Amino acid sequence: MPIVAPTAAQVFADTNIPGVPSSGRKKVKKLEARAWGAWLESFITAIGTSGGGVYLTRAQLFADLQHAENDSAWVIQDETVDFNGIYRKTGAAGAGSWTRVADLPYSVIVAEDDGTGLPNAYNAVSSQPISSSAQVWLTILTTNPGSPVTVSFNGGSPLAIKTNSGNNPVAGGLPPLLIGKVEGSTFRLASDQTSAALQADIEAVFGDFQKQYLGAYSAPPTADPNGNPLQEGALYWDTSSKTFFSWNGTAFEALPFGTVVDGGISDAKLATSLRNRISIDGGTLTAIHSSRAVGEPVFMGNGLVDGFGGDGGINAGASSGYVLDPSNGRVMNSGNPIQQVDCVPAVSLGISNSGWTGNTLRQRFAAAKVLQGGTKFRILFKGGTSGAIFSAVYAGHAASGAAFDGSQIAVTFGGGSSTLTLNANEEEWSDWMTYTVTAGTAFMVSGQCTAGGTVCRLNPANPDYSFYYKAGTDASGTSGSGYTASLSDLLWVEEIEVEQPATTANIVLVTAPFEFTDFAPTQLKVSGIIEALDSLALNTDVTIEVSRNGGANWTAATMTQLKALGPKTYFETNIVSVTGQPAGDDIAVRYKTLNQKRCYLHGQRTEVNA
């Protein structure tokens, strides 16, 4: 019932206006005292006739099951505000559980700033416990000097004060009387803040904006719109040249700037002809992709197309494991990124079933439900109407019935805890667990229920989901002996996700043969640019081989780093003799990556000697 009588704080207040000594000492009015006492007597009588009691926390209530069925009890000072309320007992004395059935009968709660808080952190006290279902009237002694702002009721955890629109109040924005409600970790006001403080804040922001953007002018301005000196970096729009200008501290210069910061230009912004050039120790090598002779005479040949904009210079039939990136002029490893997919699709759990405290529960998922394989998994659990606590949870592939196949592992929560706590109708993910999940193989989840004991049900039932239970603690046991099969619509797992690992292909890239008609090549040398994404060892993780007969025979070259170019490496090989190969004049180069190492090949060239 709502409180119609004054509170004890009002009846026995020290001053006529709380917190204002100058208002005079307050005398106790008998009419108010009788009204308050009558309410208190009816409150005590109501609790006594129900066979219940008053508990400070929900944990204390849940620990006391020595009540008959349908007894009632109140929880009034739990730090989790939503736990406060009226509860009803289910089950005989010494067994069963408590279920929250109603809010505490306070529609309006009066609280006062006790003056012990810090700036922007109020401490408040109230005669009644704070409830998320009640409206709170909070009187503060001083407005907030800054932002964000918090309030702590009756020594509880600080709550962030938010305006009705969900924002932090501005400095000086809180009025003397705040009206609001507790919403989780937030005290949300029924109204926004004082308009004067908000107006000042908006004006300050607008003033800062005018210093940065001056506006549109036909000639360069000499001051900002408020007459202040120009600030470095200030912009204006020139209506004559249709260009933005920026103040560099001395003069205006047009955008884009003539001076670019180091590293500020990407490959995509360079012309193709410029991107295909490279500077080494002050010298410029043109066409890094092409071929030339080591000595005289000089012969040019096309080894790979410019910047890998296409595969015209690649022998596609002899190559594998690569992907062209034409927009960036490079070749990269093919493969797939890491994926997270559903192993067991999400199911809707909307009906509860209780009484599982002291039992080990096992949920089996038929092979047909394990749609994906991977190297990690995590599980989404859901509690019933009053929740449940599991002291240990195990998961892994199932054998027959309720038995594991022996590969089960312990499942953890919240970064390593073995305990799963499901509040009423709460969903909770486990940690990601390292485990090889095989698609099309039955999977099982097992847990020891130690409190609460309410899990959900699948509606309608599905024979692919099997539920087993057994009295005692057997979550980690492999054997399914002693378990009883229950209704197939019982379920406490909503979804299982698996992580599929990334795959990286090794590259084999062979150039299309290019022919020398004037002489038979005897020596070859290769150079180029590699950008490593993983730690890369030349001649171990990436190799170069050369051929003078179109790829029928290959001779290995030794790679060395000539110069580091940021994340890229300019490499060259030794001068390789190919006289041991059968005679030929069709030059080919084979580039390989090994050990699934990722890298980009930006270009290569071949030098040939007779």
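Every value quoted in this text rests on a predicted model; they were computed, and no experiment measured them.

Enquirer: Any chance you could break down the overall build of the protein for me, citing the residues and the numbers?
Expert: Of the regular secondary structure elements, the protein holds five helices and 50 strands. Here the protein, with 610 residues, has 40% of them falling under the buried criterion. Of all intrachain contacts in the protein linking residues separated by at least 6 positions in sequence, the fraction that spans at least 24 positions is 66%. For the protein, the exposed area adds up to about 29,400 Å²; of that, 53% sits on carbon and sulfur atoms.

Enquirer: Can you break down the pairing of strand E36 (residues 465–471) residue by residue, with the values?
Expert: By the bridge criterion, seven bridges tie strand E27 (residues 359–365) to E36 in an arrangement that is antiparallel. Of the residues in E36, the one forming a bridge with Arg-362 is Tyr-468. Pairing analysis gives two bridges linking E36 to strand E37 (residues 484–485), with the strands arranged antiparallel. Across the sheet, residue Tyr-468 finds its bridge partner in E37, namely Ala-485.

Enquirer: Give me the lowdown on the packing of aromatic side chains, citing residues and values where you can.
Expert: The full count for this structure, using the stated rule, is 16 aromatic pairs. Look at Tyr-236 and Phe-245: their rings are 5.5 Å apart centre to centre, the planes differ by 20 degrees, and that puts the pair in the stacked class. Neither residue differs from the other here; Tyr-236 and Phe-245 are each classed as buried. It is Arg-330 that lies over the ring of Tyr-600; its NZ or CZ is 3.7 Å from the centre. Sitting above the plane of the Trp-429 ring, Arg-378 keeps its charged end 3.9 Å from the centroid.

Enquirer: Tell me about the pattern of salt bridges, residues and numbers included.
Expert: This structure, assessed with the given rule, holds twelve salt bridges. Here Arg-330 and Asp-325 are joined by a salt bridge, their closest N and O atoms 2.8 Å apart. For the pair Arg-330 and Asp-325, one class covers both residues: buried. For Lys-525, the salt bridge goes to Glu-572, with nearest N and O atoms at 3.2 Å. Highlighted residues: Lys-525 in strand E43 (residues 523–532) and Glu-572 in strand E47 (residues 568–573), separated in sequence by 47 residues.

Enquirer: Provide a residue-level description of the nonpolar core, including the pertinent values.
Expert: Formed by 37 residues in total, the largest nonpolar core has its most connected members in Phe-377, Phe-381, Phe-390, Phe-443, Val-445, Trp-492 and Ile-496. When residues in this core are grouped by element, the largest group, four residues, is from strand E29 (residues 388–397). Residues Tyr-322, Ile-507, Val-542 and Val-589 belong to the second largest nonpolar core, which totals 23 residues.

Enquirer: How would you sum up the environment of Lys-563? Please name residues and give values.
Expert: One can find Lys-563 in strand E46 (residues 559–565). The class of Lys-563 is partly exposed, set by a relative accessible area of 28%. In this structure the C-alpha to C-alpha distance between Lys-563 and Ile-529, which are 34 residues apart in sequence, comes to 9.7 Å.

Enquirer: An account of the side chain of Thr-569 is needed here, citing residue identities and associated values.
Expert: By the secondary structure assignment, Thr-569 is in strand E47. Side-chain polar atoms of Thr-569 contact the side chain of Gln-561, separated by 3.4 Å. Apart from the residues lying within four places of it in its own chain, the contact partners of Thr-569 are Gly-528, Ile-529, Ile-530, Gln-561 and Lys-563.

Enquirer: Could you give me a rundown of the sheet that holds strand E35 (residues 455–458), with the residues and numbers involved?
Expert: Taken in spatial order, the three strands make up an open sheet running E26-E35-E38, and their pairing is antiparallel. The open sheet has two free edges, formed respectively by strand E26 (349–353) and strand E38 (490–491), since each of these has just one partner strand. Examined bridge by bridge, E35 and E38 share two bridges and lie antiparallel to one another. From the neighbouring strand, Arg-457 faces E38, where its bridge partner is Leu-490.

Cut-offs applied
- Residues numbered from 1 in each chain as written.
- Predicted model: local features only at pLDDT ≥ 70, side-chain atom pairs only at ≥ 80, totals over all residues.
- Heavy atoms only, no water.
- Helix = DSSP H or I, 4+ residues; strand = E, 2+ residues; numbered from the N terminus.
- Buried < 20%, exposed > 50% of the residue type's maximum accessible area, 1.4 Å probe, protein only.
- Contact = heavy atoms within 4.5 Å.
- Areas by Shrake-Rupley, 256 points an atom, 1.4 Å probe, with all protein chains shown as cover.
- Pairing = 2+ DSSP bridges.
- Phe/Tyr/Trp six-rings, centres within 6.5 Å; stacked < 30°, edge-to-face > 60°.
- Lys NZ or Arg CZ within 6 Å of the ring centre and 35° of its normal.
- Salt bridge = Lys/Arg side-chain N within 4 Å of Asp/Glu carboxyl O.
- Core = buried A, V, L, I, M, F, W, Y, C linked by side-chain atoms within 4.5 Å.
- Polar contact = N/O pair within 3.5 Å; in protein donor to acceptor, adjacent residues only side chain to side chain.

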